[in-house]
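Chain by chain, the residues:
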Amino acid sequence: MTEPEKQRRFSGVKLVIAVAVAAALAAAGVTALLVNIMERKQEAKNPFYRVVELDDTITDPEVWGRNFPLQYDSYKRTVDQKRTRYGGSEAVARTPSQADPRTVVAQSRLEEDPRLVTMWSGYAFATDFREERGHAHMLDDQVYTERQHVTQQPGTCIHCHASVYVPYKKLGDGDLIKGFEKMNQMPFMEARKLVEHPVSCIDCHDPTTMQLRVTRPGFIEGIAALKASQGVPNFRVNQDATRQEMRTYVCGQCHVEYYFKGKEKRLTYPWAKGINIDQIMAYYDEDGHSDWTHELTGAKVLKAQHPEFEMYNQGIHAKSGVACADCHMPFMREGAMKVSDHQVRSPLLNINRACQTCHKWSEAELLQRAETIQTRTFETRNIAMDALVDLIHDLESAQKAGLPEEALAKARDMQKRAQFYLDFVEAENSMGFHADQEAVRILSNSINFSRLGQNALRPGGGASTSPTTRPQGAPAPLTPVSADGAGETQQGSK
């Protein structure tokens, strides 16, 4: 055999070996890929591990976490404290005491803005009001707030600060509503003994099917009243709501405006006329409810709570079918499984998964857009706060000067409206982002209510503020604008 023939034969052997090796590697790769796909399919078929049997009596989230370790791991991170530009909290160290064992609290809003003390003069919130913290702290922060020392809070407060589904059922001998009614009338500390955990898995999930559900009687009754006002009678939220609606309703169980109705202190959501602030104000006008008498002015005033659900419903995300969970509990990928992030935090701390799923801009751009909305809302809020404080001080002076009661009554009524409209945005934890134009509209009306209140204290008892008595040829005064664009009288929604 010649040398060239030997070389050709050797090259052929090498080629055969190379092809065989490549084929073997390809086969191994394909096999590994198929095995991986099969494993992921199996994971997807078994989204949780049935380590324990769950039922309708288990409130401890750690027990649920044995079956759902990924969700429980993120739920535990609700202890974290991280501040955004206009929300969230930072850890403030404190020396524990026998009365209050907390070693960390959130920063005081009263220290950040002393005008809040003037707005809430004579009310418990003027004593202690701090930035919000995660769900893990919601029960302890209610138990140990200084507000407990200056007022007798009812058991009604437990409704949104603890896992109450099982305690309600026990109190009511299996009847959720009856248990709710009984706990409402207890002193807070007595009711506190009946609960063990802050919000838990059982409050939002059926233990057998894991389907979302509403367990808070306040929301069950409130949403039924709201639907009735929209022409939908006998609405049963757990039977009639869609899955996407439930991804908002389970949050709306607690993140709402409410009041304690009657001597029974029944937790009530003021939605019988509708869910925007003008409809809620009209409800309170008809009901005659007030939360307290303002210490400096004698006005019967209202305290807005945390109306995220109401404000969100006026915004573009709600109109587009986006649920609370889409932004605050976005899906995350763990292997083949897609699970909701149960840390429940501001989307601005999780822009990649919370925002960029829909909005294809950079994180920096999206953060800048959100903070621009919030900054404009905050600036308008400050103008409204200054206007309200001016009205309160003017009312103080007018009382001392012996102004006629008719003028004082008009000014006090305007204070109630200015204060509630301002507080509606102040207490809502998005600084306008949930519905930016609605937030600025509300604050603008608050400013106008304060102006009308000051006009009522002028000589003439504020007659110049009435559209029917202004001088001929004079421009019409600004009147509050309702959510549907229609002007209201100077008495707001009365």
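Structure: above.
Reading the values: rules and limits
- Residues numbered from 1 in each chain as written.
- Predicted model: local features only at pLDDT ≥ 70, side-chain atom pairs only at ≥ 80, totals over all residues.
- Heavy atoms only, no water.
- Helix = DSSP H or I, 4+ residues; strand = E, 2+ residues; numbered from the N terminus.
- Buried < 20%, exposed > 50% of the residue type's maximum accessible area, 1.4 Å probe, protein only.
- Contact = heavy atoms within 4.5 Å.
- Areas by Shrake-Rupley, 256 points an atom, 1.4 Å probe, with all protein chains shown as cover.
- Phe/Tyr/Trp six-rings, centres within 6.5 Å; stacked < 30°, edge-to-face > 60°.
- Lys NZ or Arg CZ within 6 Å of the ring centre and 35° of its normal.
- Axes fitted to C-alpha atoms, helices over the stretch in contact; angles between N-to-C directions.
- Parallel < 35°, antiparallel > 145°, perpendicular 65-115°, else oblique.
- Nonpolar A, V, L, I, M, F, W, Y, C, P; charged D, E, K, R; others polar.
- Core = buried A, V, L, I, M, F, W, Y, C linked by side-chain atoms within 4.5 Å.
- Salt bridge = Lys/Arg side-chain N within 4 Å of Asp/Glu carboxyl O.
- Polar contact = N/O pair within 3.5 Å; in protein donor to acceptor, adjacent residues only side chain to side chain.

Undergrad: Can you walk me through the overall build of the protein in this structure?
TA: When helices and strands are counted, the protein shows 21 helices and 10 strands. Within the protein, the proportion of its 494 residues that are buried is 47%. Considering only intrachain contacts with a sequence separation of at least 6, the fraction spanning at least 24 residues in the protein is 65%. Element-wise, carbon and sulfur atoms account for 55% of the exposed surface of the protein, whose accessible area totals about 24,500 Å².

Undergrad: Can you walk me through the packing of aromatic side chains in this structure?
TA: A ring pair, where both rings are aromatic, is described by two values, the distance of the centres and the angle of the planes. If you walk through the whole model with that rule in mind, you get 21 aromatic pairs. Consider the rings of tyrosine 258 and phenylalanine 260, whose centres lie 5.9 Å apart with planes at 25°: the pair is stacked. Taking the relative accessible area as the measure of exposure, tyrosine 258 reaches 15% and is therefore buried. Here the aromatic residues Trp120, Tyr123, Phe125, Phe129 and Trp292 are joined through ring pairs into a cluster of three or more. When the ring centre of phenylalanine 125 is taken as origin, the NZ or CZ atom of arginine 147, which lies over that ring, is 4.1 Å away. Across the ring face of tryptophan 361, the terminal group of arginine 369 is positioned such that the distance to the ring centre comes to 4.3 Å.

Undergrad: Sorry if this is basic, but what is going on with the packing of helix α9 (residues 176-184) against helix α11 (residues 217-229) here?
TA: When two helices pack together, their arrangement is given by the angle between the helix axes and the distance between those axes. Interhelical geometry of α9 versus α11 gives an angle of 110° and a closest axis separation of 10 Å. With respect to each other, α9 and α11 are oriented roughly perpendicular. Contacts from Leu176, Ile177 and Phe180 in α9 reach Pro217, Gly218, Ile220 and Glu221 in α11. Considered class by class, the residues forming the contact of α9 with α11 number five nonpolar, one polar and one charged.

Undergrad: Help me out: how do you make sense of the nonpolar core in this one?
TA: Generally speaking, nonpolar side chains in soluble globular proteins are found buried as a group. Of all hydrophobic cores here, the largest spans 79 residues; its most connected members are Tyr249, Trp271 and Phe420. What tryptophan 271 contacts, discounting residues up to four positions off in sequence, is Phe219, Gly222, Ile223, Ala225, Leu226, Ser229, Val256, Glu257, Ile280, Phe309 and Glu310.

Undergrad: I keep staring at the pattern of salt bridges and nothing clicks. Help me out?
TA: Per the counting criterion, the structure on display carries 35 salt bridges. The salt bridge partner of arginine 115 is aspartate 386, with a shortest N-O separation of 2.7 Å. Residue arginine 115 is found in helix α5 (residues 115-119), and its partner aspartate 386 is found in helix α19 (residues 363-400); the two are separated by 271 residues along the sequence. Classification of aspartate 386 by relative accessible area gives partly exposed; the value is 39%. In the salt-bridge network here, residues are joined through shared partners; they are Arg83, Glu90, Arg109, Glu112, Asp113, Arg115, Glu131, Arg381, Asp386 and Glu426.

Undergrad: Quick question: what am I supposed to make of helix α14 (residues 277-287) here?
TA: Every α-helix carries 3.6 residues per turn, so stepping three or four residues along brings you back to the same face. Counting buried positions along α14 yields eight of 11 residues, so the element is predominantly enclosed. Every buried residue of α14 is listed here: Ile277, Asp278, Ile280, Met281, Ala282, Tyr283, Tyr284 and Asp285. Backbone nitrogen of aspartate 278 and a side-chain oxygen of the N-cap are separated by 2.9 Å at the start of α14; the cap is asparagine 276.

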